[in-house]
Amino acid sequence: MTGPAPAARRAGVDLDEGTGAACGTFGELLQGVLPDGTAFLVTFPITFGTRAWFRLDRHGPLRVYPAHKTKSLTLARTMLDARGAGGGGSLVLDSDLLIGKGLASSSADLVATARCVGTVLGLDTSPAAVEEWLRPIEPTDGVMHPGVVVFEHRAVRLRARLGTLPPVTVVAVDEGGRLDTVSHNRRPRHVPPALAAEYARLVDDLATAVGRADLRAVGAVTTRSAVLNQRWLPKRHLDALTGIADRVGALGVVCAHSGTMLGVLLDATAPGHDETLATARAACERLPGTLSVYRSAAAADHPSADARVP
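Before going into details, it helps to say that this report is about the structure given with it. (Residues numbered from 1 in each chain as written. Predicted model: local features only at pLDDT ≥ 70, side-chain atom pairs only at ≥ 80, totals over all residues. Heavy atoms only, no water.)

Observations concerning the packing of helix H5 (residues 193-211) against helix H6 (residues 215-228)
Logical step 1: Their axes nearest at 8 Å, the elements H5 and H6 cross at an angle of 155°. Judged on the interaxial angle alone, H6 and H5 are roughly antiparallel. Here H5 runs over H6; the crossing is left-handed. In this structure, H5 uses Leu195, Glu198, Tyr199, Leu202, Asp205, Leu206, Ala209 and Val210 to contact H6, whose residues at the interface are Ala217, Val218, Val221, Arg224 and Leu228.
Logical step 2: Here the contact of H5 with H6 is built from residues that sort into ten nonpolar, no polar and three charged. (Axes fitted to C-alpha atoms, helices over the stretch in contact; angles between N-to-C directions. Helix = DSSP H or I, 4+ residues; strand = E, 2+ residues; numbered from the N terminus. Parallel < 35°, antiparallel > 145°, perpendicular 65-115°, else oblique. Left-handed = near helix turned anticlockwise from the far one by under 90°. Contact = heavy atoms within 4.5 Å. Nonpolar A, V, L, I, M, F, W, Y, C, P; charged D, E, K, R; others polar.)

Set out below in structure tokens:
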């Protein structure tokens, strides 16, 4: 496999170790298929993510810790081979993200890996370059890009940048189990023309809402997307959480379209947010499943997305 062309290394500097990081997402603000047949999603970055550390060993084997992170091991090997560095090293991943829940755990691992290994090897780790590194491995969330983006996850390609959300909080219920995202994305999905046209309208609505920082309009799109996704990956508690959202005056609901999570979306800047959060938590605790709380990533929370060796 041929990766992105190596960038020139800093004169006289030979790095042995480096770090990288990437945000996860809470599912997606919107996911569907457009009239041209393109599968897409809109990212919802959260403060939880993955941190990676890599130490180069020019004469030793390549190892990853934890050992089950085999996709990151494959990526590190590919980058070493592309650089012609030989040898191996130690890659350590530390993640806040639960696996198989729709939080982009695998994508965050891979992006963090690309950033830290690329730092050591002097390879381009800009978002476009990271897309190239990840494309042969699996369908990928758009967490290599800062902010909210429309992303073609099967093609691993940016479609549009929308901006950054004002602070929001998600009171989440995990319905249990794990979902294999790769297998889920391989399933055939028939999207009638009318539904594809609706998805296109929802993308436009969401782009306008994010641009205007209109969280009510964002919540209307996320709720509609969760409802539409019931035909492919039903959430048992969607009606219950929609009812809770209505009762507490939330923005709506948001779901992991390829995962097990569903949440109530709250405006973190609204007056009385702490009381609303407590009320929503108490209501969600009465449902079967595991309760957790997530917060959207602000611009300052995004790891560097344009790292490259000049």
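From this point, things continue past the structure.
A few points about the pattern of salt bridges
Side-chain pairing between opposite charges can occur once the charged atoms of the two side chains come close.
Logical step 1: Across all of its chains, the model carries 13 salt bridges by this definition.
Logical step 2: Across the pair Arg51 and Asp94 runs a salt bridge, and its minimum N-O distance is 3.2 Å. With Arg51 in strand E2 (residues 39-57) and Asp94 in strand E4 (residues 88-95), this pair connects stretches of sequence that are 43 residues apart.
Logical step 3: By relative accessible area, which is 35% here, Arg51 ends up partly exposed.
Logical step 4: Exposure remark for Asp94: the relative accessible area of 43% places this residue in the partly exposed category.
Logical step 5: Asp174 is the salt-bridge partner of Lys101, the closest N and O atoms lying 2.9 Å from each other. Remark: Asp174 occurs in strand E7 (residues 168-174) and Lys101 occurs in the loop between E4 and helix H2 (105-121); sequence separation between them is 73 residues. Asp174 matches Lys101 in its accessibility class, with the two residues each being buried.
Logical step 6: Connected via shared salt-bridge partners are Asp36, Glu152, Arg157 and Arg159. (Salt bridge = Lys/Arg side-chain N within 4 Å of Asp/Glu carboxyl O. Buried < 20%, exposed > 50% of the residue type's maximum accessible area, 1.4 Å probe, protein only.)

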